[in-house]
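Spelled out, the chains give:
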Amino acid sequence: MSRPAPGTMLMWAAGLVIATAVVVGILATGSPRQQRLFRLDAVRTSHLASLQHAVQSFHERQGRLPSSLAEVDAQPGIGLELLDPGDHPPYRYSALDADRFELCAVFDTDTAARPRHLPPDDGWAHGIGEQCFALDARPHGRRADDSAMIDAD
């Protein structure tokens, strides 16, 4: 039996190093599908933050909470993202009382499992599935209570 040529062994070794690097990269950052789900959830939290600001501005100007997100979106100069960027139902809004409201969205990932190299969701911690956030419409109001997230399941 003959020994393989040094060039052949080098080619196999390089291939093994490349394959190992690909596997380690996927394990460290998640699969492309998982990365897409994290990105979609980041867009969802960005939309929720915009909706929160718009509802708070409406409350400040009108002295009341809107009856729906469509009422806020109908204001001049407003262009809100009311639809989920993926295939989930549209965002949900409901007034809880005169100054508190709730925004809900369906998420594909859990922020606790979010890879460290991705930017944080800016306080919109969520699990998988429908999550609702109780918010305050008054100035400087962020969360309506300490248990900001309500699992809607």
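Just above sits the structure.
Notes on the structure follow. None of these values were measured; they are calculated from a predicted model. (Residues numbered from 1 in each chain as written. Predicted model: local features only at pLDDT ≥ 70, side-chain atom pairs only at ≥ 80, totals over all residues. Heavy atoms only, no water.)

Some remarks on the pattern of salt bridges
Alright, step 1. Within the structure shown, the criterion is met by 7 salt bridges.
Alright, step 2. One salt bridge in this structure joins Arg44 and Asp84, with 2.5 Å as the shortest N-O distance. Of the two residues, Arg44 is situated in helix α2 (residues 32-62) and Asp84 in the loop between α3 (69-73) and β1 (92-95); the sequence distance between them amounts to 40 residues.
Alright, step 3. Its relative accessible area of 0% is what places Arg44 among the buried residues. (Salt bridge = Lys/Arg side-chain N within 4 Å of Asp/Glu carboxyl O. Helix = DSSP H or I, 4+ residues; strand = E, 2+ residues; numbered from the N terminus. Buried < 20%, exposed > 50% of the residue type's maximum accessible area, 1.4 Å probe, protein only.)

Some words on the state of the cysteines
Such a bond, covalent and formed between the sulfur atoms of two cysteines, is termed a disulfide.
Alright, step 1. One pass over the structure, following the stated rule, counts 1 disulfide.
Alright, step 2. Between the sulfur atoms of Cys104 and its disulfide partner Cys132 the distance amounts to 2.0 Å. Taking the sign of the S-S torsion, 110° for the link of Cys104 and Cys132, the bridge is right-handed. In this pair, Cys104 is assigned in strand β2 (residues 100-107) and Cys132 in strand β3 (residues 129-136), connecting sequence segments 28 residues apart. Here the two residues Cys104 and Cys132 agree in accessibility, since each one is buried. (Disulfide = S-S within 2.5 Å.)

Quick look at the packing of aromatic side chains
Alright, step 1. Tallied over the full model, the rule gives 3 aromatic pairs.
Alright, step 2. Both rings, one in Tyr93 and one in Phe101, keep their centres 6.0 Å apart while their planes meet at 40°; by these two values the pair is tilted. For the pair Tyr93 and Phe101, a shared accessibility class is recorded, and that class is buried.
Alright, step 3. Measuring from centroid to centroid gives 5.0 Å for Trp124 and Phe133, while their planes differ by 75°, and the two rings are edge-to-face. Note on accessibility: Trp124 and Phe133 belong to one class, buried.
Alright, step 4. Site record: aromatic cluster; members linked through ring pairs are Phe107, Trp124 and Phe133. (Phe/Tyr/Trp six-rings, centres within 6.5 Å; stacked < 30°, edge-to-face > 60°.)

Observations regarding the nonpolar core
Inside soluble globular proteins, nonpolar side chains tend to come together where they are buried.
Alright, step 1. Counting 19 residues, the largest nonpolar core has Leu48, Leu51, Val55, Tyr93, Phe101 and Leu103 as the members making the most contacts within it.
Alright, step 2. Looking at this core, the elements that each hand over two or more residues are α2, α3, β2 and β3.
Alright, step 3. Residue contributions to this core peak at 5 residues, all from α2. (Core = buried A, V, L, I, M, F, W, Y, C linked by side-chain atoms within 4.5 Å.)

A closer look at the pairing of β2
Alright, step 1. Across the 8 residues of β2, 7 count as buried, placing the element largely inside the fold.
Alright, step 2. Relative to β2, β1 runs antiparallel, the two being bridged by 4 bridges. Along β2, the bridge assignment pairs Arg92 with Cys104.
Alright, step 3. In textbook terms, the turn of a hairpin is the stretch between consecutive antiparallel strands, and for β1 and β2 this stretch comprises 4 residues.
Alright, step 4. Bridging between β2 and β3 involves 8 bridges; their strand directions are antiparallel. Residue pairing across strands places Glu102 opposite Ala134, the latter belonging to β3. (Pairing = 2+ DSSP bridges.)

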